[in-house]
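A structural walkthrough
Listed below, chain by chain, are the residues.
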Amino acid sequence: MSDQAVINFTRGVPAPESFPVEDLKVAAESALDKYGRVILQYGKAYGFMPLREWLAEWQGVAVEQVMTSNGSLQLIEFLSTHFLQPGDVVFTESPTYDRTLTTLKRHQARVVGIPLQPDGPDMEALENALQTHTPKFFYVIPDFQNPSGATCSREKRERLVALAEKHGFWLVEDAPYRPLRFRGQEQPSLYDLNPERTLHMLSFSKLIGPGPRVGILYGQADLLQKLAKIAEDTYITPSLLSQGIIYEFVASGKLPAHIEQLKALYAPRLQACLDALDRFMPDAEATRPDGGFFLSVTLPEGASTARVREQAKQYNLNLADGQAFFPDGGGERFLRLPYCGITPEEINEGVRRLAEAVKDVLAG
Ligand SMILES: Cc1ncc(COP(=O)(O)O)c(C=O)c1O
């Protein structure tokens, strides 16, 4: 074991130095001054009304179409409770966010993975799968996908909403990284293209911090009513204290400038990762995202992620298990590289160590 400092390419966490601590202190005091008697009390399961009103205006929808919860993962749990009986079919991209897979499996869903390409789900595979199953919903992460970094093209987005309409399934669009575009052209969301068939999820976890646990769901008012009942039966009300603080932060107009600061912090980290891959692993097959938290690498033939992961420990480099992101097998050579939580220097050194570990494995 080397005595070098440990580098973690494991979890997709925000950079701690990105948290707007001072502004949140001001927001917390102001929220307690203005709304103390509301946000320290039980309230509606939908969340803190002023925040819902702000969120409705942000996305240009009616307030009845906005629900909040304690983090967006909780919303996936509520959607699963609402939609799924044991054995029901759900489609996800393959790979996809591993915690969603855990939630779906806990609900005994039959998860069918649709292979993901650099420009979104493989449409031919999707159409084939639709010949044998109509899923209750298709869970997709169209922007800067976790774990691959892929972004869905406009053509595929249009096809997805057309297929959802034709076959009668819901699109669950999980978009926590969408506001973090560093370059290039934003595509319309699935919700923009078809709000009747889409449930759109956002989160403040990657925009302000995961600690307050504020997730957001946009959807049809009658469906949200049912989800709010499940939320009420689960926790009565989400954390209104958190929501009051987040509200004061966003209502004071600070979010757009803060998002710009995040991009200024993260874009060079993505570039550092791409440059290091070019330098140390020029033959690596890697995604080249325009934003978000992740890129992914397909390791060379003969180098499984499991073996490279094991070998990387010799270099004090921690890597994540690639296969956990695949609903029905595959991913033996898949590696996710989350670049936001570590510095450009650590990224460069981490990729250098990764290249060493791959070389060792290939050398047998
Ligand atoms: C795609 C995706 N969805 C949901 C979540 C969970 O977010 P939250 O903190 O809002 O529960 C994450 C967190 O990494 C994520 O990557």
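Just so it is clear, the structure is predicted and the values come from calculations on it, not from any experiment. (Residues numbered from 1 in each chain as written. Predicted model: local features only at pLDDT ≥ 70, side-chain atom pairs only at ≥ 80, totals over all residues.)

All right, on to the environment of K206 then. Mapped onto the elements of the fold, K206 is located in the loop between strand 8 (198-203) and strand 9 (215-218). Expressed as a C-alpha distance, the spacing of K206 and V13, which sit 193 residues apart in the sequence, is 7.9 Å. With sequence-adjacent residues up to four places away left out, K206 is seen in contact with P14, P176, Y177, L180 and F293. (Helix = DSSP H or I, 4+ residues; strand = E, 2+ residues; numbered from the N terminus. Contact = placed C-beta atoms within 7 Å.)

Turning our attention to the pairing of strand 3 (residues 89-94). In terms of burial, strand 3 is a largely internal element, 5 of the 6 residues being buried. Where strand 3 meets strand 4 (residues 110-117), 6 bridges bridge the pair, whose relative direction is parallel. Its bridge partner lying in strand 4, T92 is registered against G113. Taken together, strand 3, helix 4 (residues 98-106) and strand 4 form a β-α-β motif whose crossover is right-handed. With 3 bridges joining them, strand 3 and strand 6 (residues 137-140) adopt parallel strand pairing. Opposite V90, over in strand 6, you have F137 as the bridge partner. (Buried ≥ 20, exposed ≤ 12 C-beta atoms within 10 Å, placed from the backbone. Pairing = 2+ DSSP bridges. Right-handed = clockwise from strand over helix to strand, strands pointing away.)

On to the domain arrangement of the protein chain. On domain assignment, one finds that the protein chain holds domain 1 (7-19 + 256-362) and domain 2 (22-251). Each of domain 1 and domain 2 has a C-alpha centre, and the two are 25 Å apart. Across the contact, 27 residues belong to domain 1 and 28 residues belong to domain 2. Residue assignment for the side of domain 1 that touches domain 2 shows that the elements contributing at least two residues are helix 10 (255-280), strand 11 (294-298) and strand 13 (334-338). With 6 residues, the top contributor of residues to the side of domain 1 that touches domain 2 is helix 10. Across the side of domain 1 that touches domain 2, the residue classes tally to 16 nonpolar, 7 polar and 4 charged. (Domains from an automatic or database assignment. Nonpolar A, V, L, I, M, F, W, Y, C, P; charged D, E, K, R; others polar.)

Our next topic: the sheet that holds strand 11. Sheet strands associate in pairs through backbone hydrogen bonding, adopting either a parallel or an antiparallel arrangement. Across the sheet, which stays open at both edges, the 3 strands sit in the order 10-11-13 with antiparallel pairing between neighbours. Of all strands in the sheet, those bounded by a partner on one side alone are strand 10 (285-286) and strand 13. Relative to strand 13, strand 11 is paired through 5 bridges, and the arrangement is antiparallel. Residue S296 lies in a different strand from strand 13, and its bridge partner there is R336.

This part covers unusual backbone geometry. The linkage connecting S94 with the following residue, P95, adopts the cis geometry, with an omega of 10 degrees. Turning to its location among the elements, P95 is positioned in the loop between strand 3 and helix 4. Omega for the peptide link from N146 to P147 comes to 20 degrees, which places this bond in the cis form. For P147, the position within the fold is in the loop between strand 6 and helix 6 (154-167). With a phi close to 55 degrees, R213 is a non-glycine residue in the positive phi region. Residue position: R213 is located in the loop between strand 8 and strand 9. Even without a glycine there, the phi angle at I236 is positive, about 70 degrees. Locating I236 in the fold gives a position in the loop between helix 8 (221-235) and helix 9 (240-251). Take I236: there are 11 C-beta atoms within 10 Å of it, and that puts it in the exposed class.

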